[in-house]
Amino acid sequence: MFSKILIANRGEIAVRVIKTCRRLGIKTVVVYSDADAGSLAVEMADETVHIGASPAAQSYLVADKIIAACKQTGAQAVHPGFGFLSENAGFAQRCADEGIVFIGPNPGAIQAMGDKIESKKFAQASGVSCVPGHIGEIADTAQAVTISEQIGYPVMIKASAGGGGKGIRVAWNRKDVEEGFPAVRAEAKASFGDDRIFIEKFIESPRHIEIQVLGDKHGNVVHLFERECSIQRRNQKVIEEAPSPLLDEATRAAMGAQAVALAKAVNYDSAGTVEFVAGQDKSFFFLEMNTRLQVEHPVTELITGLDLVEQMIRSAYGEKMAFEQKDLKINGWAIESRIYAEDPYRKFLPSIGRLVRYDPPAEGEHDGYTVRNDAGVREGDEISMYYDPMISKLCSWAPTRIAAIDGMGRALEDFHIEGLGQNIPFLAAVMDEARFRSGNLATSYIKDEFPEGFHGTAPTTEQLDILTAVGAAMQRVYAARARSYASGLAGAPREDWVVAVGHAKRPVKIGGEGDVAVELLDEGRTLELTDIDWRPGKPVFKAVLGGKAFTVQVAPAAEGFDIRHRAAKARVLVLTPRSAELHDKLPEKQAADTSKLVLSPMPGLVVSMDVTTGQQVREGEVVCVLEAMKMQNIIRAERDGVVKAVNAKGGDPVAADEVLVEFA
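Note that the structure is a prediction, hence the values are computed from the model and not measured.

## Let's talk about the packing of helix H1 (residues 11-24) against helix H11 (residues 308-317)
Then step 1. Packing of H1 against H11 leaves a shortest axis separation of 9 Å and a crossing angle of 65°. Judged on the interaxial angle alone, H11 and H1 are roughly perpendicular. In the crossing of H1 with H11, the sense of the turn from one axis to the other is right-handed. Touching Arg16, Val17, Thr20, Cys21, Arg23 and Leu24 of H1 are Leu308, Val309, Glu310, Ile313 and Arg314, all from H11.
Then step 2. Grouping the amino acids of the contact of H1 with H11 by side-chain chemistry returns 6 nonpolar, 1 polar and 4 charged.

Take a look at the structure:
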């Protein structure tokens, strides 16, 4: 076995590879850029090598620097993780030429399958059913428009070297192609160093299902069943699960056999994924093959019991696979939620900054479910604008799909992050949503279920009780503390209060010592809070209500608290009856008028400013393009108007909510 492996990657996947290497007794080398100098991966590795500036094009994408680091440290092999150089056939060949083992498929397999254009040609020649499209390079925007109109809208514009949701757009009309083609090309160049683009028909309401394959250098290939990856936003996977709720045994076997046949045809010898677009009728078409480890590999590991990183290492070392297809079985159900640094309440725009608090749920077995959290960060780390905005991958496993979903919901409750926007409330909303729980999925799910964006969810009856009880319990603690500091006070603490959750006002009596009883005077019932784990200043409140454990996020506010349970959040005021009467007479604060301003929705870099002072602009026209976390975001005018002032130009860094353009 190898004695030392260099990891040509960063963040979560670098940490993931280190963990397996430690278990196998293999020393690790981590390369790092300026932005990652203080990262968890750097801290965990046995050796580290600095390889350049923060932009990936100056560090993680520079093959010469990776090869030099291998020679400097004596690393026998390179694990490329995912992204960066993981699907670069030239890099894999370079490693072979330098006597360094590439922990991934052979260069020929990468060349045949890793390139999205060539893979489709190869699949067609092999008799694999493919999505209709133009299989070939596209020179410019004009040709892209011509091809799109020949195929028929909608079409998918995709980078040949793309992955991770980058370098991809859906175009519904000519204008979308004219705007999207150059944006995809720019993203592809920045993220992958390859700006070749292809276009294919976009199949509406499809499901994204992929088959995990695994091969060795002795001609053996198996599949490790499927993953459903249909919950996507901007073509970026958000929630994955294994197995798929769509497939029956016959369809699963057919997809698996096709994936294995394709892998064998190119002499595939590592972990890889054959991706399919599937109809609700269980029809499926080859989409592409990712010749690397997938981000969502943990759900496959959870249902099979295999360590895919270990299998890749053993394959690269030349070991024969220790099992056959007949030995593999699906055990239970696994869900993965990608925790992203983004603000779901602001159209999921990237949110960079420092993890002031980072407190994930405890890994391991819980009551009926198991939690796994793959992360490359810890409290105090910074989420940089230079790389993918993923914070961690939270996974749950249980014997059944519904139990795994419920376990994920509880794990998301227990995940606490402060310092930047994150999508935990949105993920929690999906876990509670009826369509998701039914398994009726499609890649359009988020757009279908949240057409106006995400604004949280209204509290259910159960959540209203939780918010009421928690607010009352916290008020009791603060009141007791105030009495202990005051002099000359006598008598029992006040019991009669009014708890206002949003516009709902509930007269209550609060009693109890360690446990808290909240009597709902207008409803004739009492909420009993037990096993309370909270103290003033703690941002997470844990307790049991009605025999059911829960966790909420809490923060003090004027006359009450801001409390969030899953996707339901509210300002909870705990008032005296007289104060509650007066509150009804207070006028509501009017929001500031920003209709004449175009604000930067995120911190980032202005790629281009597309308007000038005095220009007449129509609603929907492009105002500027911002780049953040390797993604280009087109900012459009939300109203007609004449430009009064332009406050930024191409190349300028901007902060969130900075005024970019003012209208007269």
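That covers the picture; the talk isn't over yet.
## Some points on the packing of aromatic side chains
Then step 1. On inspection of all chains with the given rule, the structure shows 17 aromatic pairs.
Then step 2. Ring centres 5.3 Å apart and planes at 85° place the aromatic pair Phe276 and Phe284 in the edge-to-face group. Each member of the pair, Phe276 as well as Phe284, carries the same accessibility label: buried.
Then step 3. Each ring, one from Phe436 and one from Tyr445, has its centre 6.5 Å from the other, and the planes form 65°; the classification is edge-to-face. Residue Phe436 shares its accessibility class with Tyr445, and that shared class is buried.
Then step 4. Taken together, Tyr345, Phe348, Phe426, Phe450 and Phe454 form an aromatic cluster joined through their ring pairs.
Then step 5. Between Arg401 and the ring centre of Phe436, over which it is positioned, the NZ or CZ distance is 5.0 Å.

## Structural notes on the environment of Gln463
Then step 1. Structurally, Gln463 is set in helix H16 (residues 461-485).
Then step 2. For Gln463, the residues in contact, after removing those within four places along its chain, are Ala458, His565, Arg566 and Ala568.

## Observations concerning the side chain of Glu288
Then step 1. Of note, Glu288 is situated in strand E14 (residues 284-290).
Then step 2. Only 3.2 Å separates the side chain of Glu288 from the side chain of Lys158, close enough to count as a polar contact.
Then step 3. Filtering out sequence-adjacent residues up to four positions away, Glu288 remains in contact with Lys116, Lys158, Thr273, Val274 and Glu275.

## Here's the deal with the packing of helix H4 (residues 89-97) against helix H5 (residues 107-114)
Relative orientation and spacing of two packed helices are given, respectively, by the angle between their axes and the distance between those axes.
Then step 1. With their axes 8 Å apart at the nearest point, H4 and H5 run at an angle of 175° to one another. Judged by the inter-axis angle, H4 sits roughly antiparallel to H5. Of H5, the residues touching H4 (which contributes Ala89, Ala92 and Gln93) are Pro107, Ile110 and Gln111.
Then step 2. Broken down by class, the residue content of the contact of H4 with H5 amounts to 4 nonpolar, 2 polar and no charged.

## Notes on H4
Then step 1. Burial in H4 covers these residues: Ala89, Phe91, Ala92 and Cys95. With its buried residues spanning 165° around the axis, H4 presents them on a single face.
Then step 2. Where H4 is buried, its residues touch helix H3 (63-73), strand E4 (77-79), strand E5 (101-102) and H5.
Then step 3. The N-cap residue of H4 is Asn88: its side-chain oxygen and the backbone nitrogen of Gly90 are 3.0 Å apart.
Then step 4. With its phi angle positive at about 80°, Gly99 sits one or two positions after the end of H4.

## Section: the pairing of strand E8 (residues 166-171)
Then step 1. Judged by how many residues are buried, E8 sits mostly within the fold: 5 of 6 residues are covered.
Then step 2. One ladder, built from 5 bridges, connects strand E7 (residues 155-163) with E8; its direction is antiparallel. By the bridge assignment, Met156 is partnered in E8 with Val170.

## Examining the sheet that holds strand E2 (residues 27-33)
Then step 1. In space, the 5 strands of this open sheet follow the order E3-E2-E1-E4-E5, with parallel pairing throughout. In the strand order of this sheet, the two ends are held by strand E3 (47-52) and E5, each with one partner.
Then step 2. When strand E1 (residues 4-7) meets E2, the two strands line up parallel, connected through 4 bridges. Opposite Lys4, over in E2, you have Lys27 as the bridge partner.
Then step 3. Strand contacts of H1: E1, E2 and E4, with the helix running at about 170° to E1, the strand carrying the most contacts.

About the cut-offs
- Residues numbered from 1 in each chain as written.
- Predicted model: local features only at pLDDT ≥ 70, side-chain atom pairs only at ≥ 80, totals over all residues.
- Heavy atoms only, no water.
- Axes fitted to C-alpha atoms, helices over the stretch in contact; angles between N-to-C directions.
- Helix = DSSP H or I, 4+ residues; strand = E, 2+ residues; numbered from the N terminus.
- Parallel < 35°, antiparallel > 145°, perpendicular 65-115°, else oblique.
- Left-handed = near helix turned anticlockwise from the far one by under 90°.
- Contact = heavy atoms within 4.5 Å.
- Nonpolar A, V, L, I, M, F, W, Y, C, P; charged D, E, K, R; others polar.
- Phe/Tyr/Trp six-rings, centres within 6.5 Å; stacked < 30°, edge-to-face > 60°.
- Buried < 20%, exposed > 50% of the residue type's maximum accessible area, 1.4 Å probe, protein only.
- Lys NZ or Arg CZ within 6 Å of the ring centre and 35° of its normal.
- Polar contact = N/O pair within 3.5 Å; in protein donor to acceptor, adjacent residues only side chain to side chain.
- Arc of directions from axis to C-beta.
- Pairing = 2+ DSSP bridges.

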